[in-house]
Amino acid sequence: EQPHKPGDVRLPPYVADTPGSRRDYALYYDEITRLDRFVGGVMAELKEQNVADNTFVLFISDNGRPFPRDKTTLYDSGIKTPFIVHWPGRVGAGSRCNSLLSSVDIAPAFLELAGLSTPKVFEGSSFLPLLRNPQQGIREFVFAERNWHDYEDRVRAVRNRRFKYIRNFESHKPWVQFMRTPSQGPIYQELGRLKKAGQLGPITALFMADTKPHEELYDVVADPYEVHNLADRPGYEKTLETMRAELI
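Parameters and conventions
Residues numbered from 1 in each chain as written. Predicted model: local features only at pLDDT ≥ 70, side-chain atom pairs only at ≥ 80, totals over all residues. Heavy atoms only, no water. Helix = DSSP H or I, 4+ residues; strand = E, 2+ residues; numbered from the N terminus. Buried < 20%, exposed > 50% of the residue type's maximum accessible area, 1.4 Å probe, protein only. Pairing = 2+ DSSP bridges. Axes fitted to C-alpha atoms, helices over the stretch in contact; angles between N-to-C directions. Arc of directions from axis to C-beta. Contact = heavy atoms within 4.5 Å. Parallel < 35°, antiparallel > 145°, perpendicular 65-115°, else oblique. Left-handed = near helix turned anticlockwise from the far one by under 90°. Polar contact = N/O pair within 3.5 Å; in protein donor to acceptor, adjacent residues only side chain to side chain.

S.K.: How do you make sense of the overall build of the protein chain when you look at a structure like this?
M.R.: Within the protein chain, the regular secondary structure consists of 7 helices and 6 strands. Start at the N end of the protein chain and walk to the C end: the helices and strands fall as α-β-α-β-α-α-β-β-β-α-α-β-α. When its C-alpha atoms are laid out on the principal axes, the protein chain stretches across 60 × 50 × 30 Å. A burial count over the protein chain gives 40% of its 248 residues as buried.

S.K.: Is there a simple way to think about the sheet that holds strand β6 (residues 215-219) in this case?
M.R.: Working definition: the strands of a sheet are paired by backbone hydrogen bonds and lie parallel or antiparallel to each other. The strand order across the open sheet built from 4 strands is β3-β4-β5-β6, with neighbouring strands paired in antiparallel fashion. Two strands close off the open sheet at either side, each with one partner strand: β3 (142-148) and β6. Looking at each pair of strands side by side, their axes are set apart by 15° on average, direction ignored.

S.K.: Explain helix α7 (residues 237-247) here, please?
M.R.: In an α-helix, one turn spans 3.6 residues, which is why side chains three or four residues apart end up on the same side. Turning to α7, its buried residues number three or more, namely T239, L240, M243 and L247. Each buried residue of α7 lies within a common arc of 100° when the element is viewed along its axis, so the set occupies one face. Along α7, exposed side chains directed more than 90 degrees from the buried face belong to E237, K238, E241 and A245. Looking at the buried side of α7, the elements it contacts are β3, β4 (152-159), β5 (163-168) and β6.

S.K.: Honestly, the packing of helix α1 (residues 19-48) against helix α5 (residues 186-196) in this entry has me stumped. Any pointers?
M.R.: A packed helix pair is summarised by two numbers, namely the angle formed by the two axes and the spacing between the axes. Packing of α1 against α5 brings their axes to within 8 Å, and their N-to-C directions diverge by 165°. Classified by the interaxial angle, the pair formed by α1 and α5 is roughly antiparallel. Handedness of the crossing formed by α1 with α5: left-handed. Together, G20, S21, D24 and Y25 of α1 and P186, I187 and E190 of α5 make up the contact between the two elements.

S.K.: Explain the side chain of S77 here, please?
M.R.: Within the secondary structure, S77 sits in helix α2 (residues 76-79). A distance of 3.4 Å separates polar atoms of two side chains, one belonging to S77 and the other to Y14. A polar atom in the side chain of S77 sits 2.8 Å from the backbone oxygen of R69. When residues no more than four places from it in sequence are discounted, the contact partners of S77 are Y14, G64, R65, R69, D70 and E226.

Written as C-alpha cells, this is what we have:
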C-alpha cells in the first residue's frame with residue numbers, strides 16, 4: 001500500500017546508480033515488506049493457537065538478493081543470508097551474534113532441540129551454544145561452492161571473520177553470463193547499456209569484465225562489498241597461503 005521510493009534505496013557500489021537500478025531495488029524492498037507481512041501472519045497464528053512460547057522459529061533464505069553480483073555468487077551478498085531466531089524465554093528480542101555459521105549447522109541444532117544425538121556423518125555443529133552465549137564461536141571457517149546455475153561455472157570459497165578467499169576454476173569465463181535470473185533483469189540491462197557506451201565506473205567495470213581472476217582475496221571487515229582484490233598485493237602472502245590450505 002505504501003511502495004518504497006527509488007530515491008530512498010541504498011545501492012551497493014558495484015551497481016550502476018541509475019533510475020532503472022533504483023526502481024528495481026525499490027520493488028525488491030516492496031517484496032521484502034510483503035514477505036514480512038506473511039511471516040507476521042504465521043507468528044500471529046502461532047499466538048492464536050497458544051503455541052508461540054513453545055515454538056522454535058528459524059527464519060532463513062536460500063541465497064542473497066536476486067541481482068547481479070549477489071545471487072549465485074560466493075561474495076557475502078550471495079551467501080550471507082538472513083538467520084533470525086525466535087525462541088521466547090531463551091533468545092532476547094533484538095540480540096545479535098556475529099559468529100560464523102553455516103547452513104550445515106542447522107540440522108544438528110534441530111536434532112539437539114529434539115533431544116537426539118547428531119550422526120557422525122554430519123559435517124555441521126549445533127548452533128544452539130551461540131544462542132546461550134553470542135560471544136562463543138562454533139567454527140573458524142565457513143565454506144561455499146558454486147557449480148551450476150543455468151551455466152557451468154565452478155567456484156569455491158572459504159571465509160573466516162576477517163578474510164574471504166575465492167578460487168575461480170573457470171577464470172576464462174566472465175562473471176556475468178546468460179542466466180534467466182538475475183542477469184536478464186533491469187539492473188543487468190543497465191550495466192550492459194553503460195558498458196556498451198563506455199560509461200561504467202571503475203568498480204562496476206571490474207564486475208562486467210570478460211574474464212575474472214583465478215584467485216580473489218578480500219578483507220571483509222575493511223572492504224565489506226569485496227571490491228578490492230588483495231590476492232596479488234604485497235603483504236598478504238601468508239593470509240593467502242592459509243586460506244588456500246583451508247580450502248583444500
